[in-house]
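Structure at a glance
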Amino acid sequence: MPRSPDLERGRRAYREREWSAAHEALARADAATPLRVEDLERLAVAAYLTGRDDEHATALERAHEAYRDAGDQAAAARCAFWIGLMQMLRGEMGHAGGWISRAKRLLGARACAEQGYLLLPLAEQQLHQGDFAAATKTGARAVAIGERFHDRDLTAVGRHLQGRALLQRGRSFVAEGLALLDEVMVEVLSDELSPVMTGLLYCSVIEACYRAYALDRSSEWTAALDRWCSAQQGLVAFTTVCLVRRAEIMEMHGDWPGALKEAQRACERVAHLPNRRPSAAALYQQAEVFRLRGEFRAAESAYGAASAGG
């Protein structure tokens, strides 16, 4: 049976990180003949990176079902984890919990890297509850599993969770926490992690450094994220975060017009996508600049829009 030209184009674009072209070609190939599971995962990644969250979830759900039908419980559980994680990031905690529970049931006591991924929501919960010592230990367990199964994504994200937890434990732990985050960023900059995990780690490390007032690092990693985003055709995911962080840094340095321009660009990044609202963080940053400039009506309107956006 001859291979679909669209499928070949999609795979090639995926390898070359041309995300719009990859999504378009893989979606056409899928419409003609349903994709096999490995290509479904590629379609899911391309959909996510081009800002099509609903398509990303649909493709991952199909991949999950295909792996489960084939008896590959570990791969099915990994798909379930990613679906749950993305729903968690959107604040849909009920759906997220259901998918994470399904992943746990599929794995049982099986020893595999996926067990480490299922520790990540627990660590996030511990951070949210203020149990930073427990989150540090959970992150360390994830690192150990990642190293055992040679999973670089898992090892990096586990170490990043350790670093974040240490930053929040108090002043005596800040230097150790920053050192761990610096180590994670060396791994991120190697460009050998998966594209989705790379973007998530960029965003989370920048956020952690910003909150810890490590503004030199926040600026340095934001610049690195900007370069990473600019090198990939059609990338929408993570570019908004990059622009918002640039706006925050400009605001701190007194460049209010520049900060407002970057925040507005962040809102415009998703204007062409269906069912996507402007970033609440970008709207909030606009409001902050309006407030500082004394434009209180505009600030109130932008704060309201940010609140409505979550």
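Scope of this entry: the structure provided in the associated data block. From a predicted model like this one, the values you see are computed outputs, not experimental measurements. Every chain is numbered independently, its residues counted from 1 as its sequence is written. Note on the predicted model: pLDDT of at least 70 is required for a residue's local features to be given, and 80 or more for side-chain atom pairs to be given and counted; whole-chain, interface and lining totals, by contrast, use all residues. Think of the side-chain values as coming from all heavy atoms in the structure, minus any hydrogens and water.

This part is about helix 2 (residues 19-32). Secondary structure elements follow DSSP: runs of H or I of four or more residues count as helices, runs of E of two or more count as strands, with numbering from the N terminus. Helix span is expected to be 1.5 Å times the residue number reduced by one. Its 14 residues give helix 2 an end-to-end C-alpha distance of 20 Å, which sits within 8% of 20 Å, the value for a rise of 1.5 Å per residue. A 1.4 Å probe rolled over the protein chains alone gives each residue an accessible area, and that area as a share of the maximum for its type sets the label: buried under 20%, exposed over 50%, partly exposed in between. Burial in helix 2 covers these residues: Trp19, Ala22, His23, Ala25, Leu26, Ala29 and Asp30.

Note that Tyr14 resides in helix 1 (residues 5-15). In this structure the C-alpha to C-alpha distance between Tyr14 and Arg246, which are 232 residues apart in sequence, comes to 28 Å. Any two residues whose heavy atoms approach within 4.5 Å at even a single point are treated as in contact. When sequence neighbours within four positions are dropped, the list of residues in contact with Tyr14 reads Trp19, Ala22, Arg42 and Val45.

Further remarks concern the state of the cysteines. Disulfide: a pair of cysteine sulfur atoms within 2.5 Å of each other. Under the criterion given, the structure shown has 0 disulfides. Free of any disulfide, Cys112 has its nearest cysteine sulfur in Cys79, 13 Å distant. For Cys112, a relative accessible area of 9% gives the class buried.

Right, let's get into unusual backbone geometry. Of note in this structure, Arg17 is not a glycine but carries a positive phi near 60°. Within the secondary structure, Arg17 sits in the loop between helix 1 and helix 2. Residue Asp191 is not a glycine yet carries a positive backbone phi of 65°. By secondary structure assignment, the location of Asp191 is in the loop between helix 11 (171-189) and helix 12 (195-211). Residue class for Asp191 comes out partly exposed when judged on its relative accessible area of 41%.

Attention now moves to the packing of aromatic side chains. Centres within 6.5 Å make a pair out of two Phe, Tyr or Trp rings, where for Trp the six-membered ring is used; the pair is then stacked when the planes are under 30 degrees apart, edge-to-face when over 60, and tilted otherwise. Evaluation of the coordinates by the stated rule reveals 7 aromatic pairs. Taking the centre distance of 5.8 Å and the plane angle of 40° together, the rings of Tyr202 and Trp228 count as tilted. Taken together, the residues span a long stretch of sequence, with Tyr202 in helix 12 and Trp228 in helix 13 (residues 215-230) at a distance of 26 residues. Considering the side-chain rings of Trp228 and Phe238, the 6.1 Å spacing of their centres and the 50° angle between planes classify their relative orientation as tilted. Highlighted residues: Trp228 in helix 13 and Phe238 in the loop between helix 13 and helix 14 (239-252), separated in sequence by 10 residues. Accessibility expressed as a relative area gives 7% for Phe238, which makes it buried. One aromatic cluster is present, formed by Tyr48, Tyr202, Trp228 and Phe238 through successive ring pairs. The ring centre of Phe173 lies 4.4 Å from the NZ or CZ of Arg169, which sits over that ring. The rule is short: NZ of Lys or CZ of Arg within 6 Å of the ring centre and within 35 degrees of the ring normal puts a charge over the ring.

Attention now moves to the nonpolar core. Membership of the largest hydrophobic core comes to 80 residues, with the highest contact counts inside it found for Leu49, Trp82 and Phe238. Per element, the largest residue contribution to this core is 11 residues, and it comes from helix 5 (residues 73-89). Core analysis: the second largest hydrophobic core is formed by 9 residues, Ala259, Ala263, Ala287 and Phe290 among them. Working definition of a nonpolar core: buried Ala, Val, Leu, Ile, Met, Phe, Trp, Tyr and Cys residues. They are joined through side-chain atoms within 4.5 Å.

Right, let's get into helix 8 (residues 120-128). All buried positions along helix 8 are accounted for by Leu120, Pro121, Ala123, Gln126 and Leu127. The inward-facing, buried residues of helix 8 contact helix 5, helix 6 (93-107), helix 7 (113-117), helix 9 (132-148) and helix 10 (152-169). Gly130, located one to two residues past helix 8, shows a positive phi value of around 85°.

Distances and angles like these do not, on their own, reveal function.
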